[in-house]
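Examining the three-dimensional arrangement
This is what each chain is made of:
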Amino acid sequence: SYVSLSGLNPGNAYTISITPVAADNVTLGIPVMLSIFTKPTSVTNFTVVGVTTSSASLSWNASQGSQITYRVQVTGPTSSNLVVSAPSVNVTGLTAGSQYNFSLTAVAADNATISDITSIVRYTIPAAAKNLVASAAGTNAAHLTWSVPDGNYASFFVQVVGPVNQTVSTTNTSADIYGLKVKTNYTLLVYCVAADNTTRGLPATTFLIIPAPSNWCAFQDPPLCCSGSSLTCHPENASCYCDEECQFFGDCCEDHEMTCHNI
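Reading the values: rules and limits
- What you see as residue numbers is a count from 1 along each chain, following the sequence as written.
- Reporting in this predicted model follows two pLDDT cut-offs: at least 70 for local features of residues, and 80 or more for side-chain atom pairs to be given and counted; totals over whole chains, interfaces and linings ignore these cut-offs and use all residues.
- The side-chain figures draw on all heavy atoms in the structure; neither hydrogens nor water molecules are used.
- Criterion for a salt bridge: a side-chain nitrogen of Lys or Arg within 4 Å of a carboxyl oxygen of Asp or Glu.
- For helices the rule is a DSSP run of H or I covering at least 4 residues; for strands it is a run of E covering at least 2, with both sets numbered from the N terminus onward.
- A simple rule labels every residue: compare its accessible area, found with a 1.4 Å probe on the protein chains alone, to the largest value its type can have, and call it buried under 20%, exposed over 50%, or partly exposed in between.
- In this analysis, two residues are considered to be in contact whenever any of their non-hydrogen atoms come within 4.5 Å of each other.
- Buried Ala, Val, Leu, Ile, Met, Phe, Trp, Tyr and Cys residues form a nonpolar core when they are joined through side-chain atoms within 4.5 Å.
- DSSP-based pairing: two strands are paired if at least 2 bridges between them are found.
- Only the stretch in contact is used when fitting a helix axis, every axis being a line fitted to C-alpha atoms; angles between N-to-C directions are given from 0 to 180 degrees.
- Between 30 and 60 degrees the pair is tilted, below 30 it is stacked and above 60 it is edge-to-face, where a pair is any two Phe, Tyr or Trp rings, Trp via its six-membered ring, whose centres lie within 6.5 Å.

Moving on: the pattern of salt bridges. A pair can form between side chains of opposite charge whenever their charged atoms are brought close. Tallying each qualifying case throughout the model produces 2 salt bridges. Its salt-bridge partner being Asp150, residue Lys130 comes within 2.8 Å of it at the nearest N-O pair. Of the two residues, Lys130 is situated in strand 10 (residues 130-136) and Asp150 in the loop between strand 11 (141-147) and strand 12 (155-161); the sequence distance between them amounts to 20 residues. Lys130 gets classed as partly exposed once you look at its relative accessible area, which sits at 34%. The class for Asp150 is partly exposed, based on a relative accessible area of 47%.

And the structure:
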């Protein structure tokens, strides 16, 4: 025999008494007592409210029930199991740039009756790249190198900030940037990116000025540009000239027309 009871509150203790009754509907047998807990409701609005390179803050709406606790199972490069009474927890000791699965169940006061599992997946923030170095490569390019970060990563995102802005994605620990301008300040940033191609860490940052070659009129500031003809109008130790008449003699420096034609 069986009976279905409805209208009970979730996550609560109930004592059920079953008493046999004779056919006269008066004579009672010895009752059997049964204590049970109803199943807590599943948690809702399970959210990662904050994440760092080594931690994740989780929150959720409280489950319905009396004296409910919560089990949080953390699975990834590092794993742990946590039990908390409040509808939030800060999980620490995680590996940077890594995927973690957070599973959550509400537990009744008997520590055995549990709700359905609710799960969420999130990447921790990658750590910063190390040892970023930038150097000029010719008159319009820069060469960048760096070392891999602590923890995990999938790729790197390189950002160039200056008069010429560029971005480059790569899985290598180096990158070449072209189309830069000489004698110009550039900020170079390298972000480590997790395997979701979205989660980035703080950038490694360096600065670079692309120098003008010593045989350019723009080698000094202001540029070396002279009217008329002048045998002294040339960069130091260079055999080319930056005066107006150099075009007649055919001995102009390489950037003469670009640098001096408006002066």
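This part takes up the environment of Pro20. The topology assignment puts Pro20 in the loop between strand 1 (13-18) and strand 2 (32-37). The class of Pro20 is partly exposed, set by a relative accessible area of 44%. The sequence separation of Pro20 and Ile30 amounts to 10 residues, and the corresponding C-alpha distance is 7.0 Å. Apart from residues lying up to four places away in sequence, Pro20 is in contact with Thr27, Leu28, Gly29 and Ile30.

Below, the discussion takes up the nonpolar core. Taken as a class, soluble globular proteins show a tendency for nonpolar side chains to be buried jointly. Leu144, Trp146, Val158, Leu180, Leu188 and Val190 are the most contacted members of the largest nonpolar core, which totals 23 residues. Only strand 10, strand 11, strand 12, strand 14 (174-178), strand 15 (185-193) and strand 16 (204-209) provide two or more residues apiece to this core. Among the elements that line this core, the one with the most residues is strand 15, at 4 residues. Apart from the residues lying within four places of it in its own chain, the contact partners of Leu188 are Leu132, Ala134, Leu144, Gln159, Val160, Ala204, Thr205, Thr206 and Leu208. Judged by nonpolar contacts, the second largest core, of 20 residues, contains Trp60, Tyr70, Val74 and Val91.

This next bit is on the sheet that holds strand 6 (residues 80-84). Adjacent strands of a sheet form backbone hydrogen bonds with each other and so pair up, either parallel or antiparallel. Strand order in the open sheet made by the 4 strands is 6-5-8-9, with antiparallel pairing throughout. A single partner strand is all that each edge strand has here, and the edge strands are strand 6 and strand 9 (118-123). Sheet twist, expressed as the average angle between the axes of neighbouring strands with direction ignored, equals 20°.

For the rest of this paragraph, the subject is the sheet that holds strand 10. Spatially, 10-11-14 is the arrangement adopted by the 3 strands of the open sheet, whose pairing is antiparallel. Pairing within the sheet leaves two strands with one partner each, and these edge strands are strand 10 and strand 14. Adjacent strand axes in the sheet meet at a mean angle of 15°, parallel and antiparallel pairs treated alike. Relative to strand 14, strand 11 is paired through 5 bridges, and the arrangement is antiparallel. Note that in strand 14 the partner of Leu144 across the bridge is Ala175.

All right, on to the packing of aromatic side chains then. Scanning the entire structure with this criterion turns up 7 aromatic pairs. Both rings, one in Tyr100 and one in Phe102, keep their centres 6.2 Å apart while their planes meet at 25°; by these two values the pair is stacked. Relative to Tyr191, the ring of Phe157 has its centre 6.1 Å away and its plane inclined at 50°; by these criteria the two rings are tilted. Pair noted here: Phe157 is in strand 12 and Tyr191 is in strand 15, with a separation of 34 residues, a long-range link.

Such coordinate-based values are descriptive only and should not be taken to indicate function.
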